[in-house]
Amino acid sequence: MATTGNSSINAKLVLLGDMGAGKSSLVLRFVKGQFLEFQESTIGAAFFSQMLAVGDATVNFEIWDTAGQERYHSLAPMYYRGAAAAIIVYDISSSESFERAKKWVQELQKQGNPNMVRALAGNKCDLEDKRKVTTEVTPVPDKF
């Protein structure tokens, strides 16, 4: 995070996760207050920004929503390099999505900024009746 004055902070945030986990839906809800039931797949990455008052500071989030398709995986380091925070998103109705999230966590531990704030987000809670990832699953790797 870079401070630009006493009360303005720029923070690069990256969303990582499997295709269809709902990364774009989370960003659109945060930035525009929108929810689209059918969202096109992100190609490469999409950029958003959002300002948020936190205490007496203003945080300007520079948000990179990365594509989840495997063919774009090699581009991910370009987006998480220099990021202050990463949200790893998985679909609660897909065990495979959760396994992929664990791999993202491991990759960030090895190659990401050691001071990066990392969060794991189980998405699609409206599909509770189709839940495959229980809240008691094997934890993600140590030192998350």
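Please refer to the structure placed before this passage.
Below or above, wherever it landed, is the structure these notes cover. (Residues numbered from 1 in each chain as written. Predicted model: local features only at pLDDT ≥ 70, side-chain atom pairs only at ≥ 80, totals over all residues. Heavy atoms only, no water.)

1. Side note on unusual backbone geometry
Then, number 1: You will see that K124, though not glycine, has its phi angle at about 70°, which is positive.
Then, number 2: In this structure, K124 sits in the segment after β6 (117-123).
Then, number 3: Owing to a relative accessible area of 25%, K124 belongs among the partly exposed residues under this scheme. (Helix = DSSP H or I, 4+ residues; strand = E, 2+ residues; numbered from the N terminus. Buried < 20%, exposed > 50% of the residue type's maximum accessible area, 1.4 Å probe, protein only.)

2. Regarding the packing of aromatic side chains
Aromatic ring pairs: the centre-centre distance and the angle between the two ring planes describe each pair.
Then, number 1: Evaluation of the coordinates by the stated rule reveals 3 aromatic pairs.
Then, number 2: Each ring, one from F30 and one from F61, has its centre 5.9 Å from the other, and the planes form 80°; the classification is edge-to-face. Highlighted residues: F30 in helix α1 (residues 23-32) and F61 in strand β4 (residues 57-66), separated in sequence by 31 residues.
Then, number 3: The class for F30 is partly exposed, based on a relative accessible area of 34%. (Phe/Tyr/Trp six-rings, centres within 6.5 Å; stacked < 30°, edge-to-face > 60°.)

3. With respect to the pattern of salt bridges
Then, number 1: All chains considered together, the criterion is met by 3 salt bridges.
Then, number 2: Two residues, E99 and K102, come together in a salt bridge whose shortest N-O distance is 3.3 Å. One end of the pair is E99 and the other is K102, both in helix α3 (residues 95-111) and 3 residues apart, which spans about a single turn.
Then, number 3: Looking at E99, the relative accessible area reads 40%, which means it is partly exposed. (Salt bridge = Lys/Arg side-chain N within 4 Å of Asp/Glu carboxyl O.)

4. Description of the side chain of N123
Then, number 1: Secondary-structure assignment places N123 in strand β6.
Then, number 2: At a separation of 3.0 Å, a polar atom in the side chain of N123 contacts the main-chain carbonyl oxygen of A21.
Then, number 3: Excluding anything up to four places from it in sequence, N123 contacts A21, G22, L26, V89, Y90, D91 and I92. (Polar contact = N/O pair within 3.5 Å; in protein donor to acceptor, adjacent residues only side chain to side chain. Contact = heavy atoms within 4.5 Å.)

5. So, α3
Then, number 1: Its 17 residues give α3 an end-to-end C-alpha distance of 25 Å, which sits within 8% of 24 Å, the value for a rise of 1.5 Å per residue.
Then, number 2: Those residues of α3 lying buried are S97, F98, R100, A101, K102, W104, V105, E107 and L108. (Expected span 1.5 Å × (residues − 1).)

6. Re the pairing of β6
Each regular strand carries side chains that alternate between the two faces of the sheet.
Then, number 1: Here 7 bridges tie strand β5 (residues 85-91) to β6, and the two strands are oriented parallel to one another. Each residue of the ladder has a partner; that of I88, found in β6, is L120. (Pairing = 2+ DSSP bridges.)

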